[in-house]
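An overview of the molecular structure
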Amino acid sequence: MDSIMSKLRNLDAYPKINEDFYSRTLSGGVITLASSVLMILLFISELRLYLHASTETKLIVDTSRGETLRINFDVTFPALPCSMLSVDAMDISGEQHLDVRHDIIKKRLDTQGNVIGTRQDGIGSPKIENPLQKHGGRLEHNETYCGSCYGAEESDDDCCNSCEDVREAYRKKGWAVSNPDLIDQCKREGFLQRIKEEDGEGCNIYGFLEVNKVAGNFHFAPGKSFQQSGVHVHDLLAFQKDSFNLSHHINRLAFGDYFPGVVNPLDRAHWTQKTPSGMYQYFIKVVPTVYSDVRGHTIQTNQFSVTEHFKTGDVGRFQSLPGVFFFYDLSPIKVTFTEEPVSFLHFLTNVCAIVGGVYTVSGILDSFIYHGQRAIKKKMELGKFN
């Protein structure tokens with residue numbers, strides 16, 4: 001048994017030295033303190049890396065089909081009233097969403113950017129009694145009101161009981177309302193008067209659009225939109241204005257849900273119009289993205305890059321439509337981000353490397369300083385004797 005213990009004692013790679021032979025120095029104490037602080041800092045840094053999962057990025061071909069694209073937006077127009085502003089969306093498949101109102105909220109703003117009391121979108125209900133009936137006479141107390149659509153009726157039973165109904169009927173026909181005062185409903189509701197009263201107001205519009213996952217565009221522009229000879233146009237005659245100030249602030253624009261680390265390049269972007277009118281265009285490349293966290297939760301979303309261009313109101317013989325346009329196209333490449341936790345063994349290995357490395361280097365430095373001091377001291381003593 002004693003022989004076995006003796007053999008094990010001979011294998012000791014850490015021979016012990018009697019404390020009587022220790023020599024403690026000031027430089028050694030300073031190096032010990034500095035190396036201890038360094039070890040603690042490196043350990044904290046390694047612990048933070050261990051607690052935060054690493055993210056692996058991959059590029060794959062996007063093979064998804066038949067999906068939809070959700071566009072979240074929050075845009076402020078400081079000098080364009082909400083009653084003028086409309087939202088349209090269309091794509092290369094031919095699908096169109098004109099004058100979109102569902103899932104969209106508008107807030108009227110004063111010249112200082114403060115929110116004014118909300119008002120129902122549209123013109124409103126008749127304010128004057130005895131409005132003009134469809135048959136030409138005035139409404140009697142025992143009759144049901146049915147206003148004329150001024151030739152835009154799709155059937156004989158159609159009624160337009162408000163200015164908004166007439167404008168919508170005209171839009172479906174592809175007609176423009178050239179003079180609202182000639183329409184009984186608009187005159188009674190004070191359409192032009194309201195436009196004048198809201199002159200100088202702004203509008204904050206926010207919400208989301210659900211569109212097909214194909215290339216397309218959506219835009220904010222004054223007036224109701226309609227198709228005329230296959231061309232997308234807006235009815236601007238009704239406002240009787242020569243110019244529209246489309247200065248805007250993009251508070252937020254995202255194609256899909258938020259995920260950690262995403263950067264939307266148009267967030268907090270702003271542009272000030274310096275010409276009477278024009279078309280501001282954003283050309284966007286949308287990159288499908290999948291983010292998976294350490295818990296296995298997956299977020300299907302998108303990133304995007306953007307370039308900008310401004311087209312003045314008059315280009316050659318044609319006049320460009322005033323508005324803010326977002327043209328988007330989809331990348332065929334999908335990006336996947338996957339969070340992967342750091343293994344405990346990897347963390348333990350790095351901690352051991354930190355402790356061992358700092359201990360070894362500090363020991364070498366201490367030995368160099370100690371022996372250097374001794375050598376200098378000996379030379380000084382020899383010099384005294386000589």
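Refer to the preceding data block for the structure.
Residues numbered from 1 in each chain as written. Predicted model: local features only at pLDDT ≥ 70, side-chain atom pairs only at ≥ 80, totals over all residues. Heavy atoms only, no water.

Helix and strand content of the protein chain: six helices and 17 strands. For the protein chain, with 386 residues in total, the buried portion stands at 37%. In the protein chain, the proportion of contacts linking residues at least 24 apart, taken out of those at least 6 apart, comes to 74%. Entry remark: accessible area of the protein chain is about 23800 Å², with carbon and sulfur atoms responsible for 56%. (Helix = DSSP H or I, 4+ residues; strand = E, 2+ residues; numbered from the N terminus. Buried < 20%, exposed > 50% of the residue type's maximum accessible area, 1.4 Å probe, protein only. Contact = heavy atoms within 4.5 Å. Areas by Shrake-Rupley, 256 points an atom, 1.4 Å probe, with all protein chains shown as cover.)

With that settled, consider the pairing of strand β2 (residues 68-77). The buried fraction of β2 amounts to seven of the ten residues, a majority that puts the element mostly inside the structure. By the bridge criterion, six bridges tie β2 to strand β10 (residues 248-255) in an arrangement that is antiparallel. Bridge pairing links Asp74 to Arg252 in β10. (Pairing = 2+ DSSP bridges.)

Looking at helix α3 (residues 163-173), one finds that the buried residues are Cys163, Glu164, Val166, Arg167, Ala169, Tyr170 and Arg171. Of the residues flanking the end of α3, it is Gly174, one or two places downstream, whose phi is positive at about 80 degrees.

Here we come to the packing of aromatic side chains. In this structure the tally under the stated criterion is 22 aromatic pairs. Ring geometry for Phe218 against Phe220: centres 6.1 Å apart, planes inclined by 80 degrees, an arrangement best described as edge-to-face. As far as burial versus exposure is concerned, Phe218 and Phe220 are alike and both buried. Each residue in the set Phe73, Phe77, Phe218, Phe220, Phe255, Trp271, Tyr280, Tyr282, Phe304, Phe310, Phe326 and Tyr328 is aromatic and connected to the rest through ring pairs, giving one cluster. Across from the ring centre of Phe208, 3.6 Å away, lies the NZ or CZ of Arg70, which sits over that ring. (Phe/Tyr/Trp six-rings, centres within 6.5 Å; stacked < 30°, edge-to-face > 60°. Lys NZ or Arg CZ within 6 Å of the ring centre and 35° of its normal.)

Pairing between side chains of opposite charge can happen when the charged atoms of each approach one another. A complete count under the given rule lists six salt bridges for this structure. A salt bridge links Asp62 to Lys213, with the nearest nitrogen and oxygen atoms 3.7 Å apart. With Asp62 in the loop between β1 (54-61) and β2 and Lys213 in the loop between β6 (202-212) and β7 (216-222), this pair connects stretches of sequence that are 151 residues apart. Here Asp62 matches Lys213 in class, with each residue buried. Between Lys285 and Asp329 there is a salt bridge, with its nearest N and O atoms 3.5 Å apart. Of this pair, Lys285 sits in strand β12 (residues 278-292) while Asp329 is found in strand β16 (residues 323-330), placing the two residues 44 residues apart along the sequence. (Salt bridge = Lys/Arg side-chain N within 4 Å of Asp/Glu carboxyl O.)

Under the definition given, this model contains two disulfides. Between Cys82 and Cys203 runs a disulfide, and the two sulfur atoms are separated by 2.1 Å. Looking down the S-S bond of the Cys82 and Cys203 bridge, the torsion is 100 degrees, so its handedness is right-handed. Separated by 121 residues along the polypeptide, Cys82 in the loop between β2 and β3 (85-91) and Cys203 in strand β6 bring together distant segments of the chain. The two residues Cys82 and Cys203 agree in class, both being buried. (Disulfide = S-S within 2.5 Å.)

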